[in-house]
Amino acid sequence: MGLLAAGTPLCWDEARRYSEHIRTEGIEQLLYVFQKAGKRDNDPLYWGDELEYMMVEVDNGNSNAMVDVVHDYVLTELNTDPSSKLLCKEHNVEFHPEYGRYMIEATPGVPYHGLADESYVEYNMAQRRKIADYKLSKFNSAEKHTRYVVLSLTSFPRLGTDNFINIPNPWNHKNSASRSLFLPDEIINRHVRFPTLTANIRTRRGEKVCINIPMYKDEKTPKHDTSIYPRDWFVPEDMEAAEVSKPGHIYMDAMGFGMGSSCLQMTYQAPNIEKARFLYDSLVNFAPVLLSLSAAAPVFKGWLADQDVRWNVISGAVDCRTPWERSEEPALPQYNIAGCGGVAPRDRKHLQRIPKSRYSAVDLFLGGHNKFFNRTYNDANVPVNTTVLKRLLENDIAPLDYDLAKHFAHLFIRDSVSIFEESINQDRETSTNHFENLQSTNWQTLRFKPPTQKAVPSNKKAPGWRVEFRPLEVQLTDFENAAFATFLYLVVDAVLTFSDNLNPYLMMSKVWENMHIAHNRDSVRGDKFHWKKKFNTESPDTSLCSIDEIFHSASNGIFSNFINPILSYRNLIDKDWQELKTSVTHKRLYYYLALISKRASGELPSTARYMRHFILNHSDYKQDSRVSELINYDLILLAERITNLDNSNDEITGFFGQEISEYLLQNRL
Ligand code: ADP
Ligand code: MG
Ligand code: MG
Ligand code: MG
Ligand code: MG
Ligand code: MG
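Just so we're clear, the structure is a prediction, and the values are computed from it rather than from any experiment.

Caption draft 1: Structural view of the coordination of the magnesium ion (ligand 3). The coordination sphere of the magnesium ion (ligand 3) contains the protein donors Glu-52 (OE), Glu-98 (OE) and Glu-105 (OE), at a distance range of 2.0 Å. A relative accessible area of 6% places Glu-52 in the buried class. Judged by its relative accessible area of 15%, Glu-98 is buried.

Below is the structure:
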């Protein structure tokens, strides 16, 4: 995906008239995908990552750091200007738009194949950062004491507070898309798709989105989020905060608080659909564990949170469910009759209770023809669209089996929240537009990515069946991001290679519980997760394990069951990954795995813990959980030094420990 095409997005009242059309046609498109691409086989393990960056203005004159919403045309230029396009092509990188106007997503141009050269992933990430930096740093001004930097921060700490955005007077007009008390619409990507999506989610829900995140409790932390203020621009939205904000919580009320955060995603191609289903199922319980390990978001809206990750902030930020669907009371019952929000009266009889937001943990194992799956493992409450289910099971095009049909029938309980007037009519046999409309707005920890109808078995140019891993918080340095991406690559290779001997299944409800546990502050050190007792038996039994055990246990740990066997099978080691340290050609791989291992054991801090420690010990910190402009400024400068592996204050040593930092400082890519 490069830039988005122009078009006319429909507002909710228009869009809702086409919801059923999009669903019906989307399912027909999917059936043709199965008909054409169902028999593909032997696709290579291509893979790639997506990294999201924030453009930040560092104002040295005022000791402040802000999200940069002024220079988003850098992204347009990277996709349109011939010399920039050539630069990207030569370096095998691509830049994509994201929700935030201050955000840039970047991927490799063509995917990686296997682990041919283990440092290439990091090298490619470094090229992306260099190109974005080179474009943005042109606006640096010594006279104005300002610099522009590209950082891979999971959440911008002061998003939604005073002076967090680099335009004057963002509040001299109303923010009609989000109606937020805190985020002006100028944080939203200028492409009209994004403000419309924001407004449509709010309108369907019948009230603003509502996110209450536990506030970190310090000696002088106020009992309420004191940044809430009275306003009367929008009735009734401006009356909601008083009703729905919870004591002891950070209150957020806009899509931007979630979709304005960044993450690291990886997509892996499986040889065929059966293996793709097995890979998906195998990664289901890695999601909460790696979310916990990658924690990098301890601050929201200028407050220290009592959690370290972004995930539930995004879940809440795009939760389009009506109060009735959520089984909750409306914020203001007199304005949200029967709790049905913006659902058209004629559609209300079809509503059902929906336990989770469209952004949430995976719902169902995909199952398939593997010897370990048992349908009873899908024990969580997952509503389905019965019309869709029936059509997928009974049709003349390509009937699906029950478990796969149920997966899609669940995704298709949602309404489309983004429809372009120009794309209402689509072909069933050549377009996947309507299918992707719902597929790509079901944001789960994993995404099962079918190909298009072009992907007939003989057309190896078209991508095949892929699985995307989406929970990871983005890390500050290319080294860490490459470490996570490569670590998971090895897990994927192990799953695909040893699929007859690795039973990944546990009860789905346990995975949902793990997702909650991953949200506890410092869960990486302090909590226990449901984890398989054994991977080589029929049993789905789990026990509660710390992250340290999950990675390092000799009997059921990730290193002993996935990493060592695959490294040995690929002839990189004899028995143990630590042998890589003395390897001539795979030394860097050792350090990637060492980073993961030391974070998992607690020897090294997570990014979130490191940042929290910095804030709590800052001279401007007043024991009130507030992250002031000055603290934020210093935190951003610290993040920049870490990004650049600048050890002038010994911070690289503190962050990575002696062993890794020594290697890194001497072996920059
Ligand atoms: P999305 O935003 O829909 O997840 P992107 O295009 O941003 O998709 O990213 C997809 C990722 O998948 C990129 O890193 C890309 O390099 C990678 N990729 C592309 N083709 C394949 C393929 N055939 N198999 C696996 N990964 C692929
Ligand atoms: Mg992408
Ligand atoms: Mg993205
Ligand atoms: Mg995002
Ligand atoms: Mg993606
Ligand atoms: Mg995307």
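Next comes the rest of the account.
Caption draft 2: Region of the structure containing the pattern of salt bridges. According to the stated counting rule, one finds 48 salt bridges in the structure shown. Close ionic contact of Glu-325 with Arg-204 constitutes a salt bridge, the shortest N to O distance being 2.8 Å. Here Arg-204 lies in helix H6 (residues 193-205) and Glu-325 lies in helix H12 (residues 323-326), a separation of 121 residues in the sequence. Look at Glu-325 and you get buried, because its relative accessible area is 3%. Close ionic contact of Asp-620 with Lys-622 constitutes a salt bridge, the shortest N to O distance being 3.3 Å. Members of the salt-bridge network, linked through shared partners, are Arg-205, Glu-207, Asp-319, Arg-321, Arg-326 and Glu-328.

Caption draft 3: Examining the side chain of Ser-292 more closely. Within the secondary structure layout, Ser-292 lies in helix H10 (residues 286-293). Polar side-chain contacts of Ser-292 include one of 2.8 Å to the side chain of Ser-523. A polar contact is formed between the side chain of Ser-292 and the backbone nitrogen of Val-524, at a distance of 3.3 Å. Residues contacting Ser-292, with those up to four places away along its chain left out, are Ala-518, Ser-523, Val-524, Phe-529 and Ile-547.

Caption draft 4: View of helix H20 (residues 558-569). The end-to-end C-alpha separation of H20 is 16 Å, in line with the 16 Å expected for twelve residues at 1.5 Å each. Taken as a whole, H20 has its buried residues at Ile-558, Phe-559, Asn-561, Phe-562, Ile-563, Asn-564, Ile-566 and Leu-567. Asn-571 lies just past H20 and shows a positive phi near 60 degrees.

Caption draft 5: Geometry of the packing of aromatic side chains. Under the defined criterion, the tally for this structure stands at 39 aromatic pairs. Each ring, one from Trp-311 and one from Tyr-359, has its centre 4.5 Å from the other, and the planes form 50 degrees; the classification is tilted. One end of the pair, Trp-311, is in helix H11 (residues 311-317); the other, Tyr-359, is in strand S12 (residues 359-360), with 48 residues separating them in the sequence. Joined through ring pairs, the aromatic side chains of Phe-34, Tyr-280, Phe-408, Phe-412, Phe-435, Phe-448 and Trp-465 make up one cluster. A cation over a ring is seen here: Arg-353 above Trp-324, with NZ or CZ 4.0 Å from the ring centre.

Caption draft 6: Fine view of the site of ligand 1. The local shell around ligand 1 holds 16 residues, among which Asp-49, Glu-50, Glu-105, Gln-269 and Lys-449 are the closest. Here Glu-468 contributes a side-chain N or O atom positioned 3.0 Å from an oxygen atom of ligand 1. Its free accessible area being 570 Å², ligand 1 has 78% of it covered by the protein chains. For the shell around ligand 1, the elements supplying multiple residues, two or more each, are strand S1 (46-59), strand S4 (103-108), strand S9 (264-269) and strand S15 (466-469). In terms of residue count, the dominant contributor to the shell around ligand 1 is S1 (five residues). Of the residues that constitute the shell around ligand 1, the class distribution is five nonpolar, five polar and six charged.

Caption draft 7: Region of the structure containing helix H23 (residues 629-643). Between its first and last C-alpha, H23 extends 21 Å over 15 residues, near the 21 Å set by a 1.5 Å rise per residue. When H23 is considered as a whole, its buried residues turn out to be Ile-631, Asn-632, Tyr-633, Leu-635, Ile-636, Leu-637, Leu-638, Ala-639, Glu-640, Ile-642 and Thr-643. Structurally, H23 contributes buried residues whose contacts are with S1, strand S2 (64-67), helix H5 (120-136), strand S6 (146-151), helix H22 (607-616) and helix H24 (651-666). Immediately downstream of H23, the backbone of Leu-645 shows phi near 50 degrees, a positive value.

Procedures and definitions
- The residue numbering used here restarts from 1 in each chain and proceeds along that chain's sequence as written.
- Each chain takes a letter, starting from A, and each ligand takes a number, starting from 1, following the order in which they are written.
- Residue-level local features of this predicted model are given only where pLDDT is at least 70; pairs of side-chain atoms are given and counted only at 80 or more, and the full residue set underlies all totals for whole chains, interfaces and linings.
- Hydrogens and water are ignored here; the side-chain numbers use all heavy atoms of the structure.
- Coordination partners: N, O, S within 2.8 Å of the metal, 3.2 Å for Na, K and Ca; water not considered, so apparent gaps in a site are possible.
- Remark: exposure states derive from per-residue accessible area (1.4 Å probe, protein chains only) relative to the maximum for the residue type, with buried under 20%, exposed over 50%, and partly exposed in between.
- By convention in these notes, a salt bridge is any Lys or Arg side-chain nitrogen within 4 Å of a carboxyl oxygen on Asp or Glu.
- Per the convention used, a helix needs a DSSP run of H or I reaching at least four residues, while a strand needs a run of E reaching at least two, with both numbered from the N terminus.
- Residues adjacent in sequence count toward polar contacts only when both atoms are side-chain atoms; beyond that, a polar contact is any pair of N or O atoms within 3.5 Å, and within protein one must be able to donate a hydrogen and the other to accept it.
- Should any heavy atoms of two residues lie within 4.5 Å, those residues are counted as being in contact.
- Here a helix's expected span is defined as the number of its residues, less one, multiplied by 1.5 Å.
- Pairing of aromatic rings covers Phe, Tyr and the six-membered ring of Trp, with a centre-to-centre limit of 6.5 Å; geometry is then stacked below 30 degrees between planes, edge-to-face above 60, and tilted otherwise.
- Any Lys NZ or Arg CZ that is within 6 Å of a ring centre and within 35 degrees of that ring's normal is treated as a charge sitting over the ring.
- Proximity is defined per residue: if any heavy atom of the residue lies within 4 Å of a molecule or strand, that residue is considered near it.
- Surface accessibility in these figures is a Shrake-Rupley result with a 1.4 Å probe; residues are shielded only by whichever protein chains are displayed.
- Polarity classes work like this: nonpolar for Ala, Val, Leu, Ile, Met, Phe, Trp, Tyr, Cys and Pro, charged for Asp, Glu, Lys and Arg, and polar for all others, with Gly in that last group.

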